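# Overview (structure and organization)
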2 protein chains.
Amino acid sequence: MKKEIILLDHGSGGKMAHRLISETLLPRFTNPILALLDDGAVFNLPEGRVAFSTDSYVVDPIFFPGGSIGDLAINGTVNDLAMCGAVPSYLSVGLIIEEGFPLSDLNAICQDMQNASRRARITVVTGDTKVVPKGSADKIFINTSGIGVIPNHVRLSGQNAKIGDRILVSGSIAEHGMAVLAKREGLEFDTPVVSDTACLNHLVARMLATEKEIHVLRDPTRGGVGTALNEIALASNVGIVIHEDRIPVKPEVRGICNLLGFDPLYVANEGRLIAFVPENACGAVLAAVLEDPLGKDACVIGEVTEAHPGRVILETVIGGSRFVDMLTGEQLPRIC
Amino acid sequence: MKKEIILLDHGSGGKMAHRLISETLLPRFTNPILALLDDGAVFNLPEGRVAFSTDSYVVDPIFFPGGSIGDLAINGTVNDLAMCGAVPSYLSVGLIIEEGFPLSDLNAICQDMQNASRRARITVVTGDTKVVPKGSADKIFINTSGIGVIPNHVRLSGQNAKIGDRILVSGSIAEHGMAVLAKREGLEFDTPVVSDTACLNHLVARMLATEKEIHVLRDPTRGGVGTALNEIALASNVGIVIHEDRIPVKPEVRGICNLLGFDPLYVANEGRLIAFVPENACGAVLAAVLEDPLGKDACVIGEVTEAHPGRVILETVIGGSRFVDMLTGEQLPRIC
């Protein structure tokens, strides 16, 4: 049987495009809003604060240990909404596909998007498909944008870190970046590194139910934990100290990082969060996070200080200390 | 002076990415919501129905007579929201840029996005920038997603066309597609064809202020007027008749279409709308449209019939009639 591929025609807005949408895309995300196929989705929102986020996903390879560009695209935008304290509700999916892309791969990616949407309990309500000539894009790029409502009591922002806050990380770091790199380079290891891609909205709900006064949530994706902490130190104009011996990195991940010369602090994560929590609430929040399967390796890695505002300091294992800067130079293009 | 170009580093999430955002992107779209630079934008919405739409723009060439990928990306999503009857309010912008792309072109595109946002009175509140290695994308792709609130009395949908409705088009057709094609192919004509790219939300507001019982609005982009009418005939399960002699096509556009073998009914428009209006309101709505600079060539091109539900019939200039099908085959890849 001839392998079915995506043709330019599938992006024409005409007959083939309608067939692709009705046979491949719609059945995965069936819901009454999407089914109308108007120029946009229409739904009701309650009065209040809304979070709105967008991300384009260009990861290479598109399939990697632990996930694919499909679940990454759903989880990534769900997580961005969750970091705003919103309950993620509605997603858009915009596909840019290279002519000649295998239809079977598109089906697998759509299946992953469907599964990830279900886990996150989010509804894909609108979409767009463009096909570009062979060579004008590399396989497939996915944009997702999302909307969620923020409960009244929640006030999260990168500007809200307060002196004395404890800094909690929800699990071991640097796994997504190293999993993608290992797959891209064809590296094989005894203990394979698997991406941490996951939706964090249910974990966030659990944390906010325990303590509504959490100050900052951030998912350390591109640029890693090091860059995310720098962004928060700058936005809140506070100092940050983290302790190298408390930062959880799995041995196999540390092994690859050492071998290839990467600092785990700058490697992308796709299913981890950093939380800035008032000192007196830290024990309760950590306990709540540890109860969640996605937070079982959580720990406190540092605290917010009055000293050196806008900077991040790492206290090293050997007892020294150094500034952790933002990522400079691109370590890993197309990591998400 | 060395020509500045986009480097992989600009998409790293690190220092260079922050510089690109703060020097090139933020100054164009400055507003208090975007300035927070959290994982998503946060704003208040009133209770009610919300429209949410997404589109990726991959037009080639990125600059063409009458516009660029920048204003196209703003106008396109503004128009999709307007076609839902929403007042477009908030936009996201997701950029995928090829390594080596000239910074001056990015600046020009951002300037066009800024101008188009101002004209449409919409606020860009969140964004994302990815850079892919040279050869992995062709220059630049832009995704915009948008949100708008729908006034209570408005009920627009592709499913709402009613027998007896008059079909109005807001201006001459096929200009965007032919302008892009002429530029792409390096064709020159005595009277150059200029894209019709424009935001239609103010025109729609004028129409809905005149007559709230408009049944369907649609902007005939990819696939053109012919495909849009077929979609509506199918969604509403009604027949449609249009009259060839009433369909406005500028002579220079008809000339290129004839020369190159394109049917104007299938060529993309980016600043035109089709409206399905109850017969008794048609005169008032047409008068209102004609008052708007974007509607000065508006006319009624057909009507909705009980006969042949789901099909579109063209009554030709020579007195015959034929079915107008959806577009089959891709006429023009990367037209929007």
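Residues numbered from 1 in each chain as written. Chains lettered and ligands numbered in written order. Predicted model: local features only at pLDDT ≥ 70, side-chain atom pairs only at ≥ 80, totals over all residues. Heavy atoms only, no water.

So, on to the side chain of Thr144 of chain B. Residues and elements named next belong to chain B. Relative to the elements of secondary structure, Thr144 occurs in strand 7 (residues 140–149). With relative accessibility at 0%, the residue Thr144 sits in the buried group. There is a polar contact of 2.6 Å between the side chain of Thr144 and the side chain of Thr77. Aside from chain neighbours lying at most four places away, what touches Thr144 is Ser53, Thr54, Asp55, Tyr57, Ala73, Thr77, Leu91, Ser92 and Val93. (Helix = DSSP H or I, 4+ residues; strand = E, 2+ residues; numbered from the N terminus. Buried < 20%, exposed > 50% of the residue type's maximum accessible area, 1.4 Å probe, protein only. Polar contact = N/O pair within 3.5 Å; in protein donor to acceptor, adjacent residues only side chain to side chain. Contact = heavy atoms within 4.5 Å.)

So, about the sheet that holds strand 14 (residues 321–324) of chain A. All names here are of chain A. If you trace the seven strands from one edge of the open sheet to the other, you get 9-11-8-12-10-13-14, paired in mixed fashion. Strand pairing shows two members of the sheet lacking a second neighbour, strand 9 (216–218) and strand 14, which therefore form its edges. Each adjacent strand pair in this sheet contributes to an overall mean axis angle of 25°, direction not counted. Strand direction decides the pairing type here: strand 10 (residues 239–243) and strand 12 (residues 299–305), joined by four bridges, are antiparallel. What sits directly across from Ile240, in strand 12, is Val304. Together, strand 8 (166–169), strand 9, strand 10, strand 11 (274–277), strand 13 (312–315) and strand 14 form the strand contacts of helix 7 (residues 224–236), whose direction differs from that of strand 11 by roughly 35°. (Pairing = 2+ DSSP bridges. Axes fitted to C-alpha atoms, helices over the stretch in contact; angles between N-to-C directions.)

Our next topic: the domain arrangement of chain A. Residue and element names in this part refer to chain A. Partitioning chain A into domains gives domain 1 (8–150) and domain 2 (166–323). Centre-to-centre, using C-alpha coordinates, domain 1 lies 27 Å away from domain 2. Of the roughly 1700 Å² buried between domain 1 and domain 2 on both sides combined, carbon and sulfur atoms contribute 61%. Considering only the side of domain 1, the residues that lose the most area to domain 2 are Pro65, Asn79 and Met83, jointly responsible for 33% of the buried surface there. Applying the counting rule to domain 1 against domain 2 returns zero salt bridges. Here domain 1 is connected to domain 2 by eight residue pairs in polar contact (both at pLDDT 80 or more). Contributions of two or more residues to the side of domain 1 that touches domain 2 are made by strand 3 (63–64), helix 3 (69–83) and helix 4 (103–120). The element contributing the most residues to the side of domain 1 that touches domain 2 is helix 3, with nine residues. (Domains from an automatic or database assignment. Buried area = accessible area lost by both parts, 1.4 Å probe. Salt bridge = Lys/Arg side-chain N within 4 Å of Asp/Glu carboxyl O.)

On to the packing of aromatic side chains. A full pass over the atoms with the stated rule returns six aromatic pairs over all chains. Seen from their ring centres, Phe43 of chain B and Tyr90 of chain B are 3.8 Å apart, and the 20° between their planes marks the pair as stacked. Taken together, the residues Phe43 of chain B in strand 1 (residues 41–45) and Tyr90 of chain B in strand 5 (residues 87–98) connect sequence positions 47 residues apart. Taken together, Phe43, Phe52 and Tyr90 of chain A together with Phe43, Phe52 and Tyr90 of chain B form an aromatic cluster joined through their ring pairs. It is Arg311 of chain B that lies over the ring of Phe323 of chain B; its NZ or CZ is 3.8 Å from the centre. (Phe/Tyr/Trp six-rings, centres within 6.5 Å; stacked < 30°, edge-to-face > 60°. Lys NZ or Arg CZ within 6 Å of the ring centre and 35° of its normal.)

Our next topic: the interface of chain A and chain B. Counting residues at the interface gives 76 residues for chain A, matched by 76 residues for chain B. Contact with chain B buries area across many residues of chain A, yet Asp39, Phe52 and Arg222 of chain A alone supply 14% of it, more than any other trio. The partner of Arg222 of chain A in a salt bridge is Asp128 of chain B, with the nearest N and O atoms 2.9 Å apart. Where chain A packs against chain B, one counts 29 residue pairs in polar contact (both at pLDDT 80 or more). In terms of residue count, the dominant contributor to the side of chain A that touches chain B is strand 2 (residues 48–57) of chain A (nine residues). Taken together, the residues that form the side of chain A that touches chain B break down as 30 nonpolar, 28 polar and 18 charged. Strand direction decides the pairing type here: strand 1 (residues 41–45) of chain A and strand 2 (residues 48–57) of chain B, joined by five bridges, are antiparallel. Opposite Leu45 of chain A, over in strand 2 of chain B, you have Gly48 of chain B as the bridge partner. (Nonpolar A, V, L, I, M, F, W, Y, C, P; charged D, E, K, R; others polar.)

Right, let's talk about the packing of helix 1 (residues 15–25) of chain A against helix 4 of chain A for a bit. Residue and element names in this part refer to chain A. Following both chains from N to C, one finds helix 1 and helix 4 inclined at 50°, their axes separated by 11 Å at the closest point. Between helix 1 and helix 4, the crossing angle belongs to the class labelled oblique. Across the interface between the two elements, Leu20, Thr24 and Leu25 from helix 1 touch Leu103, Leu106, Asn107 and Cys110 from helix 4. Split by residue class, the contact of helix 1 with helix 4 holds five nonpolar, two polar and no charged. (Parallel < 35°, antiparallel > 145°, perpendicular 65-115°, else oblique.)

Another aspect to go through is the pairing of strand 10 of chain A. Residue and element names in this part refer to chain A. Within strand 10, five of the five residues are buried, which leaves the element mostly enclosed by the surrounding structure. Residues Gly239, Val241 and His243 of strand 10 are buried on one face, and the alternating residues Ile240 and Ile242, pointing to the opposite face, are buried as well. Two elements, strand 10 and strand 13, share four bridges in a ladder whose sense is parallel. Across the sheet, the residue bridging to Val241 is Ile313, located in strand 13.

Here we take up the relation of the copies chain A and chain B. After a rotation of 180° and a shift along the axis of 0.0 Å, chain A superposes on chain B with an RMSD of 0.0 Å. Here the two chains are linked by the operation of a two-fold rotation axis. (Least-squares fit on C-alpha atoms with pLDDT ≥ 70 in both.)

Okay, a nonpolar patch on the surface next. On the surface, a cluster of nonpolar side chains totalling about 260 Å² of accessible area is made up of Leu187, Leu259 and Leu260 of chain A. On the secondary structure map, Leu260 of chain A appears in helix 8 (residues 251–260). (Patch = residues over 30% accessible without salt bridge, like charges linked within 9 Å, V, L, I, M, F, W, Y side chains within 5 Å. Areas by Shrake-Rupley, 256 points an atom, 1.4 Å probe, with all protein chains shown as cover.)

Our next topic: the environment of Lys212 of chain B. Residue and element names in this part refer to chain B. Looking at the secondary structure, you find Lys212 in the loop between helix 6 (201–210) and strand 9 (216–218). The class for Lys212 is partly exposed, based on a relative accessible area of 44%. A C-alpha to C-alpha distance of 9.6 Å links Lys212 and Ala281, two positions 69 residues apart in sequence.

Before going further, it helps to spend a moment on the sheet that holds strand 9 of chain B. Sheet strands pair via backbone hydrogen bonds, and the direction of the pair is either parallel or antiparallel. All names here are of chain B. Spatially, seven strands are ordered 9-11-8-12-10-13-14 in an open sheet, and the strand pairing comes out mixed. At either end of the open sheet lies a strand with only one pairing partner, and these are strand 9 and strand 14 (321–324). The mean inter-strand angle of the sheet, taken between neighbouring strand axes irrespective of direction, is 25°. Of the strands in this sheet, strand 8 (166–169), strand 9, strand 10 (239–243), strand 11 (274–277), strand 13 (312–315) and strand 14 touch helix 7 (residues 224–236), which is tilted by about 35° from strand 11.

As a further point, take unusual backbone geometry. Residue and element names in this part refer to chain A. Cis rather than trans, the peptide bond between Asp60 and Pro61 has omega equal to 5°. Mapped onto the elements, Pro61 comes out in the loop between strand 2 and strand 3. Even without being a glycine, Ala174 presents a positive backbone phi close to 80°. Locating Ala174 in the fold gives a position in the loop between strand 8 and helix 5 (175–185). The exposure class assigned to Ala174 is buried, which follows from its relative accessible area of 0%.

Time to look at the pairing of strand 11 of chain B. All names here are of chain B. By the alternation rule, side chains of strand 11 split into Ile274 and Phe276 and Ala275 and Val277, which are all buried. Relative to strand 11, strand 8 is paired through four bridges, and the arrangement is antiparallel. Each residue of the ladder has a partner; that of Val169, found in strand 11, is Ile274. By the bridge criterion, three bridges tie strand 9 to strand 11 in an arrangement that is antiparallel. By the bridge assignment, Leu217 is partnered in strand 11 with Ala275.

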